[in-house]
Number of protein chains: 2
Amino acid sequence: MPSDAPKIKIDVTRALGGEVILYERKTQSREALAAAFQQKTGATLVPPFDHPWIVAGQGTVGLELAEQARALGVELDAVLVPCSGGGLVAGCATALHALSPNTKVYAVEPAVADDTRRSLEAGHRLTNTSAAPPTLCDALVVQTPGKLTFAINQRLLAGGLTVTDDDALAAIAIAFRYFKLVAEPGGAVGLAAALARKFPSQTRSIGVVLSGGNVDPAIFARAVTEGCPP
Amino acid sequence: MPSDAPKIKIDVTRALGGEVILYERKTQSREALAAAFQQKTGATLVPPFDHPWIVAGQGTVGLELAEQARALGVELDAVLVPCSGGGLVAGCATALHALSPNTKVYAVEPAVADDTRRSLEAGHRLTNTSAAPPTLCDALVVQTPGKLTFAINQRLLAGGLTVTDDDALAAIAIAFRYFKLVAEPGGAVGLAAALARKFPSQTRSIGVVLSGGNVDPAIFARAVTEGCPP
């Protein structure tokens, strides 16, 4: 994990029996560190996004969403999915393309780490200038879209949306208040984009993926006491 | 609702379209107010606990718990359920008695409002001295067990357990940290009793009912920033 990962993420991973190796985002490559660790130990690498099995596994979120919408008799106009390397949104888009082909799927990113949005507009993979952009959405700062994930996303996504940290904190407060769920900033950007009306104006039914609840207590406390509109 | 109900509970109920009538716990009877309102408007009363349909509805929690434990291949030694008027625990005990007869079901209350625990020990319904006991568990301060619910609980429960507000705050922090769920103090007393080891020593598998997430942001913030053991 990067050394600036939320303390709660590091602590909870250790509590579950995991060995956590920290690295510096700005000066070290996690891919190189993982390759060296793998060579030394013979461990199996589970890549975070750029692998067909990972995309397929994350796509079960889209599958469940499509099935739940169908059970409710709802036709989804749009689905908003948090995006870093792009695996979750690529998997969701694959499932929704098959089961709900009229649904527009959007990748949602922090405004300061919008490599997927810019890449989708440019038609090829672009890289964020900073390896450690200033955002509370620590889980969404991969610098460049994955090769496989971008190939899928370029074909299936309607586009990329962006939100600010304040948008994410307001979404955390709404998830606390109405859904009784704990979301981390990066996990709440889909809901944040919906609440900030970052979708085309004729959109009526919106599905949102809330993903990840590793948020440090102080940031969560700030979100729920200050972030919630009356 | 009592005038000291969490502001978030009042606000969210109004946001969902409900009309909220406030009363004073110490000087007014909600039963009398509800009866007068009913007579004036012809409204249907949905009692909070002392009615067979309410007990049956709340018992679906026990039904799901028994089915999930069976699906996991787990034999539950004990199930800990928050208790105020006793409807939720009576329903859960009814379901578990049928589906998992070796499971001991306990009512869990705040130590300062332990009418069900004392009533179970005495063998008849006892009343708390205070109508507004000093506890953060605002949802668990009914003064006397229900007639129907106590008749069921007397027959089916293994006993009553109690926890402090600090136990409840620690449980809120654990639910935040590991389950990513928002629980209110009264809703977390079952988990609190488990974490504080308030069960017989030979108990191995414990089911807990987390019920209710209407907690004011400041109290939740205090729980997650201070309440969590390292």
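Residues numbered from 1 in each chain as written. Chains lettered and ligands numbered in written order. Predicted model: local features only at pLDDT ≥ 70, side-chain atom pairs only at ≥ 80, totals over all residues. Heavy atoms only, no water.

S.K.: Which parts of the structure should I look at to understand the interface of chain A and chain B?
M.R.: By a widely used convention, the size of an interface equals the accessible area lost when the partners come together. In this assembly, 19 residues from chain A lie in contact with 19 residues from chain B. Buried area between chain A and chain B, both sides added, is near 1700 Å², and the carbon and sulfur share of it is 73%. On the chain A side of the contact with chain B, F176, K180 and V182 of chain A bury the most area, a combined 34% of that side's loss. Scanning the region where chain A abuts chain B turns up two salt bridges. In this structure, the salt-bridge partner of R177 of chain B is D11 of chain A, at a minimum N-O distance of 3.6 Å. No other element matches the six residues that helix α9 (residues 217–226) of chain A contributes to the side of chain A that touches chain B. Taken together, the residues of the side of chain A that touches chain B break down into 13 nonpolar, three polar and three charged. (Contact = heavy atoms within 4.5 Å. Buried area = accessible area lost by both parts, 1.4 Å probe. Salt bridge = Lys/Arg side-chain N within 4 Å of Asp/Glu carboxyl O. Helix = DSSP H or I, 4+ residues; strand = E, 2+ residues; numbered from the N terminus. Nonpolar A, V, L, I, M, F, W, Y, C, P; charged D, E, K, R; others polar.)

S.K.: So what exactly am I meant to see when it comes to the confidence of the model for chain A here?
M.R.: In low-pLDDT segments, the atomic positions of the prediction should not be examined closely. Across chain A, the average pLDDT comes to 94, with 98% of residues at or above 70. Scoring the predicted complex yields pTM 0.91 and, for the interface, ipTM 0.89. (pLDDT = per-residue confidence, 0-100.)

S.K.: Can you help me understand the packing of aromatic side chains in this one?
M.R.: We describe a pair of aromatic rings using the distance from one ring centre to the other and the angle between the two ring planes. With the rule as written, the count across this model stands at five aromatic pairs over all chains. Judged by centre distance (5.1 Å) and plane angle (55 degrees), the ring pair of F176 of chain A and F220 of chain B falls under tilted. On the criterion of chain membership, the pair formed by F176 of chain A in helix α7 (residues 165–179) and F220 of chain B in helix α9 (residues 217–226) is interchain, its members lying in two chains. F176 of chain A sits in the buried class, given a relative accessible area of 1%. (Phe/Tyr/Trp six-rings, centres within 6.5 Å; stacked < 30°, edge-to-face > 60°. Buried < 20%, exposed > 50% of the residue type's maximum accessible area, 1.4 Å probe, protein only.)

S.K.: What's the story with the sheet that holds strand β3 (residues 159–163) of chain A in this structure? I'm lost.
M.R.: The strands making up a sheet associate through backbone hydrogen bonding, with each pair oriented either parallel or antiparallel. All names here are of chain A. Read from one edge of the open sheet, four strands run β3-β2-β1-β4, paired in parallel fashion. Whereas interior strands pair on both sides, the edge strands pair on one side only; in this sheet they are β3 and β4 (206–208). Ignoring strand direction, the axes of neighbouring strands in this sheet form an average angle of 30 degrees. The sheet contact formed by strand β1 (residues 78–82) and strand β2 (residues 104–110) spans five bridges and is parallel. Paired with P82 across the strands is V108, a residue of β2. This element, helix α4 (residues 87–99), spans β1 and β2 of the sheet and lies at about 155 degrees to β1. (Pairing = 2+ DSSP bridges. Axes fitted to C-alpha atoms, helices over the stretch in contact; angles between N-to-C directions.)

S.K.: Just to check I follow, could you spell out the pairing of β1 of chain A for this structure?
M.R.: If a strand is regular, its side chains alternate between the two faces of the sheet. Residues and elements named next belong to chain A. The buried count for β1 comes to five of five residues, which makes it a mostly enclosed element. Tracing the backbone out of β1, into α4 and back to the parallel element β2 gives a crossover that is right-handed. Of the pairings in the sheet, the one linking β1 to β4 comprises three bridges and is parallel in character. Looking across to β4, one finds that L80 is bridged to V208. (Right-handed = clockwise from strand over helix to strand, strands pointing away.)

S.K.: Is there a simple way to think about the sheet that holds strand β4 (residues 206–208) of chain B in this case?
M.R.: All names here are of chain B. Spatially, four strands are ordered β3-β2-β1-β4 in an open sheet, and the strand pairing comes out parallel. Sheet topology places β3 (159–163) and β4 at the edges, where each strand pairs with a single neighbour. Adjacent strand axes in the sheet meet at a mean angle of 30 degrees, parallel and antiparallel pairs treated alike.

S.K.: Help me understand the relation of the copies chain A and chain B, please; the structure alone is not making it clear to me.
M.R.: Both copies of the chain are related by one operation, a rotation about an axis with a shift along it. With an RMSD of 0.0 Å, the operation that places chain A on chain B is a rotation of 180 degrees combined with a shift of 0.0 Å along the axis. Interpreted geometrically, this transformation is the action of a two-fold axis. Both copies present the same face, since 100% of the interface residues in chain A are matched by interface residues at the equivalent positions in chain B. (Least-squares fit on C-alpha atoms with pLDDT ≥ 70 in both.)

S.K.: Would you mind going over the side chain of E184 of chain B with me for this structure?
M.R.: All names here are of chain B. Within the secondary structure, E184 is located in the loop between α7 (165–179) and α8 (189–195). Of the side chains with opposite charge, K9 lies nearest to the buried E184, which makes no salt bridge, at 4.7 Å. Setting aside residues no more than four positions away along its own chain, E184 makes contact with A139, I172, S211, G212, G213, N214 and V215. (Lys, Arg positive; Asp, Glu negative; His and termini not counted.)

S.K.: Got a minute to help me understand the nonpolar core in this structure?
M.R.: Ranked by internal contacts, the top residues of the largest apolar core, which has 56 residues, are F176 and F220 of chain A together with F176 and F220 of chain B. If near-sequence neighbours (up to four positions away) are discounted, F176 of chain A is found in contact with L181, F220 and V224 of chain A together with I8, V182, V215, P217 and F220 of chain B. Residues V55, A66, L96 and F150 of chain A belong to the second largest nonpolar core, which totals 22 residues. (Core = buried A, V, L, I, M, F, W, Y, C linked by side-chain atoms within 4.5 Å.)

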